[in-house]
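A look at the structure
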Amino acid sequence: MNYQSTRDKSISVSAAQAIKTGLSSEGGLFVPESFPSVSLNEIKSLISKSYNERAFFVLSKFLTDFSQEELEKCIDSAYTKEKFGTDSIAPVYKLNDTIYFLELWHGPTCAFKDMALQILPHLLTTSMKKTNEDKEIVILVATSGDTGKAALEGFKDVGGTRIIVFYPDNGVSEIQKLQMVTQEGNNVSVAAVTGNFDDAQNGVKKIFTDDEYKGLLERNQFKLSSANSINWGRLVPQIVYYFSAYAELLKNNEIAAGEKINVVVPTGNFGNILAAYYAKKMGLPIAKFICASNKNNVLTDFIKTGVYNKNRDFHTTISPSMDILISSNLERFLYDLTGRSDTVIREWMNELNTTGSYEISDDVKSKMQEMFCAGYCDDSETMETIKKCAADYDYVMDTHTAVAKAVYDKYVSETGDKTKTVIASTASPFKFNQSVLIALEDHNAVLGKDEFTLLRELAEKSNMQIPKSLFELKDKSVVFDLVCDKDEMKQVVSDFLMVN
Ligand SMILES: *Cc1c(COP(=O)(O)O)cnc(C)c1O
């Protein structure tokens, strides 16, 4: 199966090339030329399979240029009990007769980014080999928190790769910073950048577009690459867990074969919910998609009105991984809904670039609204939802998952829809310990306490175990204390790679 670009469908590349390049040269995103279809019998056959076998089932339909051996090696390197602490990798938690949480945060960094970033390095190095690329890959990441750590864990000690992560000096939580500055591995580097996330992001973009510098790196046998969520190699592993969740529900007799379920996703860049949509396109019985946002509700407005408008205030919230005004993966969704019109997509994305806004046509809008609902909630509703769910069910959610639950609750009270529903649970509550404890108690509960005291108190209140990877941070030494100016980022890269 080949991949085409959303902005020029005459471009056609193999999966290995799509993963290696990340973004198409004219700025479009790679999408499969067609979607494989899966029968109900095949879905039923997943019941008796392990997560890794389910992953093979899905990935082999898309990465057709990978051999069985190559794919199995990628999958088995990524999804292990050692890394995820559970054989089921992405367990489904039953809250009541209609609500099920798909827990995507059992990986090494306690957020759902691990589901893709644990396998991406292996897909990428395999793709390099398959395309006869002999240079060493250098991954550059600018992070506002979750992605940086997940990428570091995914790429650490993966042969043929190096990774450098830049985070804003004053823009990540204490736990997130600790996670990064104590990173182990012989091919990793981390630096703080004076400034905010945009400064770090712009610095990385500048390096990516510096042809002279890239030439210097190439002469030294290095090739720059990125691990961000527009890479097909990050999206395709996310389709797997929706099939896996459905198989789990069947296995536990929670649903009948073929019964349609709803899916609720706390959304930022539109990657996770798009993967669910792709699963439905392949044949997974899904009725409605509920797209949940925090106060940065550009997607809620878009789904309700058909107008995408990023010209609005940016809000910093307690669900920071969803603080986004441009959802890049929406482009793939719209490409599909327009019947694969690269011309229309080019036009809309051009308008977004120049005016910050575009409006989709009525027929595309009605196709979208047949399947998608949207809603948002603010920080205080998020907090209340955490508190209420803990009181009613003894189940403690993180802030992102709580946004999804709050939006779902509103949806049910408006529609009365009783369809069984899977809510994507995207982070461990321990990763956002401060906000979760405030939600469960009040502000005094966290006053003057260090991160490790907060972790212990949350463990007591939630009856959950502190994830080993977070607790162990206490005894780790700081490896990376470099703080650089945004103009010095290139030098940091050169020093790490020892090129001059
Ligand atoms: C990245 C992230 C999201 C948003 O996912 P998208 O695929 O960008 O929509 C939600 N929750 C958490 C915890 C995340 O890290």
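Residues numbered from 1 in each chain as written. Predicted model: local features only at pLDDT ≥ 70, side-chain atom pairs only at ≥ 80, totals over all residues. Heavy atoms only, no water.

1. With respect to helix α21 (residues 451–462)
- The end-to-end C-alpha distance of α21 is 16 Å, a good match for the 16 Å that 12 residues give at a rise of 1.5 Å each.
- Turning to α21, its buried residues number three or more, namely Glu451, Phe452, Leu454, Leu455, Glu457, Leu458, Ala459 and Ser462.
- Considering only its buried residues, α21 is in contact with α9 (174–181), α20 (433–440) and α22 (468–471).
- With a side-chain oxygen positioned 3.0 Å from the backbone nitrogen of Phe452, the residue opening α21 is Asp450. (Helix = DSSP H or I, 4+ residues; strand = E, 2+ residues; numbered from the N terminus. Expected span 1.5 Å × (residues − 1). Buried < 20%, exposed > 50% of the residue type's maximum accessible area, 1.4 Å probe, protein only. Contact = heavy atoms within 4.5 Å. Polar contact = N/O pair within 3.5 Å; in protein donor to acceptor, adjacent residues only side chain to side chain.)

2. Quick word on the sheet that holds strand β2 (residues 8–13)
- Across the sheet, which stays open at both edges, the 3 strands sit in the order β2-β1-β3 with antiparallel pairing between neighbours. Each having just a single partner strand, β2 and β3 (30–32) make up the two edges of the open sheet. For this sheet, the mean inter-axis angle between neighbouring strands, taken without regard to orientation, is 40°.
- One ladder, built from 3 bridges, connects strand β1 (residues 3–5) with β3; its direction is antiparallel. Of the residues in β3, the one forming a bridge with Ser5 is Phe30. (Pairing = 2+ DSSP bridges. Axes fitted to C-alpha atoms, helices over the stretch in contact; angles between N-to-C directions.)

3. Quick notes on the site of the ligand
- Close to the ligand lie 15 residues; Lys113, Gly268, Asn269, Asn272 and Thr426 are nearest.
- Take Gly268: an N or O atom from its main chain is 2.8 Å from an oxygen atom of the ligand.
- Contact distances for the ligand include 3.2 Å between an oxygen atom and a backbone N or O atom of Gly271.
- Bound to the protein, the ligand loses 96% of the 380 Å² it would expose on its own.
- Grouping the constituent residues of the shell around the ligand by class yields 5 nonpolar, 8 polar and 2 charged. (Near = heavy atom within 4 Å. Areas by Shrake-Rupley, 256 points an atom, 1.4 Å probe, with all protein chains shown as cover. Nonpolar A, V, L, I, M, F, W, Y, C, P; charged D, E, K, R; others polar.)

4. Looking at the packing of helix α15 (residues 330–337) against helix α17 (residues 362–371)
- It is at 10 Å that the axes of α15 and α17 come closest, and there the two elements cross at 110°. Accordingly, the angle class assigned to the pair α15 and α17 is roughly perpendicular. Judged by the sense of rotation from one axis to the other, the crossing of α15 with α17 is right-handed. For the pair formed by α15 and α17, the contact residues are Phe333, Leu334 and Leu337 on the first element and Val364, Lys367, Met368 and Met371 on the second.
- Split by residue class, the contact of α15 with α17 holds 6 nonpolar, no polar and 1 charged. (Parallel < 35°, antiparallel > 145°, perpendicular 65-115°, else oblique. Left-handed = near helix turned anticlockwise from the far one by under 90°.)

5. Describing the pattern of salt bridges
- Applying the stated criterion to the full structure yields 23 salt bridges.
- Taking the shortest distance from any N to any O, the salt bridge between Lys156 and Glu153 comes out at 3.2 Å.
- Residue classification places Lys156 among the partly exposed residues on the basis of a relative accessible area of 29%.
- Between Glu457 and Lys449 there is a salt bridge, and its shortest N-O distance comes to 3.1 Å.
- For Lys449, a relative accessible area of 31% gives the class partly exposed.
- Several salt bridges share partner residues, and in doing so they unite Lys20, Glu133, Lys135 and Glu218 into one network. (Salt bridge = Lys/Arg side-chain N within 4 Å of Asp/Glu carboxyl O.)

6. Structural notes on the pairing of strand β11 (residues 286–293)
- Burial analysis of β11 places 6 of its 8 residues in the buried class, which makes it a mostly covered element.
- Note: strand β10 (residues 261–266) against β11, 5 bridges, orientation parallel. Within the sheet, the bridge partner assigned to Val265 lies in β11 and is Cys291.
- Pairing between β11 and strand β14 (residues 372–376): 5 bridges, direction parallel. Counterpart to Ser293 in the pairing with β14 is Tyr376.

7. Considering the sheet that holds strand β8 (residues 188–193)
- Spatially, β9-β6-β7-β8-β16 is the arrangement adopted by the 5 strands of the open sheet, whose pairing is parallel. Only two strands of the sheet have a single neighbouring strand rather than two, namely β9 (222–225) and β16 (483–484).
- Two strands pair when backbone bridges link them, and strand β6 (residues 136–142) and strand β7 (residues 161–168) are joined in this way by 6 bridges, in the parallel orientation. Within β7, the position partnered with Ala142 by the bridge is Phe166.
- Along the sheet face, helix α7 (residues 120–130) touches β6, β7 and β9 and points at about 145° away from the line of β6.

8. What about the pairing of β8?
- β8 sits mainly inside the fold: 6 of its 6 residues count as buried.
- Of the two faces of β8, the one lined by Val188, Val190 and Ala192 and the one lined by Ser189, Ala191 and Val193 are each fully buried.
- Pairing analysis gives 6 bridges linking β7 to β8, with the strands arranged parallel. Bridge pairing in β8 links Pro168 to Val193.
- As for the winding sense of the linkage, the β-α-β connection from β7 through α9 to β8 is right-handed.
- Here β8 pairs with β16 via 2 bridges, running parallel. Note that in β16 the partner of Val193 across the bridge is Cys484. (Right-handed = clockwise from strand over helix to strand, strands pointing away.)

9. A closer look at the environment of Glu351
- In this fold, Glu351 is placed in helix α16 (residues 342–355).
- Taking the C-alpha atoms as reference, Glu351 lies 48 Å from Glu472; in sequence the two are 121 residues apart.
- Residue contacts for Glu351: discarding those within four places in its chain leaves Gly356, Ser357, Tyr358 and Glu359.

10. Things to note about helix α10 (residues 197–208)
- End to end, α10 covers 17 Å across 12 residues, agreeing with the expected 16 Å (1.5 Å per residue, within 8%).
- Taken as a whole, α10 has its buried residues at Asp199, Ala200, Gly203, Val204 and Ile207. End-on view of α10: buried residues confined to an arc of 130°, all on one side of the axis.
- Elements that come into contact with the buried residues of α10 comprise β6, β7, β8, α11 (211–219), β9 and α23 (489–497). (Arc of directions from axis to C-beta.)

11. Brief notes about unusual backbone geometry
- If you check the backbone angles, Asn253 has positive phi at about 55° while not being a glycine.
- The residue Asn253 is located in the loop between α12 (232–251) and β10 in this model.

12. So, the environment of Ile207
- By secondary structure assignment, the location of Ile207 is in helix α10.
- Owing to a relative accessible area of 3%, Ile207 belongs among the buried residues under this scheme.
- For the pair Ile207 and Asn253, spaced 46 residues apart in sequence, the C-alpha separation works out to 52 Å.

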